[in-house]
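Topology and contacts: notes
For reference, the chains in residue letters:
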Amino acid sequence: MFIGEFHHTLDEKFRFSFPKKFRNDLENGFVITRGVDNCLLVYTNSEWEDFANNVSMLPLTNKSARDFQRHILSGAVEIQLDKTGRAILPEHLRNFANIKKDIVIAGIGDKIEIWSEEEWMKRITEISKSSDNIANSMEGLGI
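Here the structure is a predicted model, which means the values were calculated and not measured.

Evaluated as defined, the whole model comprises eight aromatic pairs. Summarising the aromatic geometry, the rings of Phe2 and Phe22 are spaced 5.0 Å apart at their centres and angled 80° between planes, so their arrangement reads as edge-to-face. A residue pair is termed long-range when its members are at least 10 positions apart, and Phe2 in strand S1 (residues 2–9) and Phe22 in helix H1 (residues 20–26) qualify at 20 residues. When its relative accessible area of 4% is taken as the criterion, Phe2 is described as buried. Among the aromatic residues, those joined into a cluster by ring pairs are Phe2, Phe6 and Phe22.

Moving on: the sheet that holds strand S7 (residues 102–109). An order of S1-S7-S8-S4-S3-S5 is seen for the six strands of this open sheet, with the pairing classed as antiparallel. Each having just a single partner strand, S1 and strand S5 (77–79) make up the two edges of the open sheet. Taken over all neighbouring pairs, the strand axes of this sheet differ in orientation by 25° on average, direction set aside. Seen against the sheet, helix H5 (residues 117–129) touches S1, S7 and strand S8 (111–116) and runs at an angle of roughly 105° to S8.

Together, Val36, Leu58 and Phe68 line one region of the surface with nonpolar side chains, adding up to about 230 Å² of accessible area. Relative to the helices and strands, Phe68 resides in helix H3 (residues 63–73).

A few words on the nonpolar core. Core analysis: the largest hydrophobic core is formed by 22 residues, its most contacted members being Phe16, Phe18, Leu26, Phe30, Ile32 and Ile114. Those elements giving two or more residues to this core turn out to be H1, strand S3 (30–34), strand S4 (40–44), S5, S7 and S8. When sequence neighbours within four positions are dropped, the list of residues in contact with Phe16 reads Leu10, Gly85, Arg86, Ala87, Leu89, Ile103, Ile105 and Ile114. Cys39, Trp48, Ala106 and Trp115 belong to the second largest nonpolar core, which has 11 residues in total.

Attention now moves to the packing of helix H2 (residues 45–56) against H3. Taken N-terminus to C-terminus, the directions of H2 and H3 make an angle of 150°; their axes are 9 Å apart at the nearest point. Here H3 runs roughly antiparallel to H2, going by the angle between their axes. Handedness of the H2/H3 crossing: left-handed. Taken together, the residues of H3 that come into contact with H2 (itself represented by Trp48, Phe51, Ala52, Val55 and Ser56) are Phe68, Gln69, Ile72 and Leu73. Grouping the amino acids of the contact of H2 with H3 by side-chain chemistry returns seven nonpolar, two polar and no charged.

For the rest of this paragraph, the subject is the pattern of salt bridges. All chains considered together, the criterion is met by nine salt bridges. One salt-bridge network, in which partners are shared between bridges, spans Asp37, Arg123 and Glu126.

When you line up the elements, Thr44 lands in strand S4. Judged by relative accessible area, Thr44 falls into the buried class, the value being 11%. Among the polar contacts listed, one links the side chain of Thr44 to the backbone nitrogen of Glu47, at a separation of 3.2 Å.

Calculation rules
Residues numbered from 1 in each chain as written. Predicted model: local features only at pLDDT ≥ 70, side-chain atom pairs only at ≥ 80, totals over all residues. Heavy atoms only, no water. Phe/Tyr/Trp six-rings, centres within 6.5 Å; stacked < 30°, edge-to-face > 60°. Helix = DSSP H or I, 4+ residues; strand = E, 2+ residues; numbered from the N terminus. Buried < 20%, exposed > 50% of the residue type's maximum accessible area, 1.4 Å probe, protein only. Pairing = 2+ DSSP bridges. Axes fitted to C-alpha atoms, helices over the stretch in contact; angles between N-to-C directions. Contact = heavy atoms within 4.5 Å. Patch = residues over 30% accessible without salt bridge, like charges linked within 9 Å, V, L, I, M, F, W, Y side chains within 5 Å. Areas by Shrake-Rupley, 256 points an atom, 1.4 Å probe, with all protein chains shown as cover. Salt bridge = Lys/Arg side-chain N within 4 Å of Asp/Glu carboxyl O. Core = buried A, V, L, I, M, F, W, Y, C linked by side-chain atoms within 4.5 Å. Parallel < 35°, antiparallel > 145°, perpendicular 65-115°, else oblique. Left-handed = near helix turned anticlockwise from the far one by under 90°. Nonpolar A, V, L, I, M, F, W, Y, C, P; charged D, E, K, R; others polar. Polar contact = N/O pair within 3.5 Å; in protein donor to acceptor, adjacent residues only side chain to side chain.

Here you go:
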């Protein structure tokens, strides 16, 4: 399970380091794709396979389902860590998430999110301001 918030900076070749505590789960490769809320999603290969299969099985007759498939699957990139635990963030994904230099890597259970630091700070501030409403809405989900 991925948890925690980590701040990193892209180098001149658009590489970044994953936190050491995440690397063992990512050492055999992983997938990065466009997410929602202008962040990127990172899945281990096995989690990606399950997720991508579920996305692929959405009904072709539903326009929202087709658009979601295009959004998630066409942006996906298979990545390998280098020997020092770094990965290159592809240009189309940097552009989608408005990532210039500073990023936040957030462990979100079965996946990792990558955000531009600026967008992450806006999102966390927004979440903090509405935490009571969020907590109340979770009651119906059994939390």
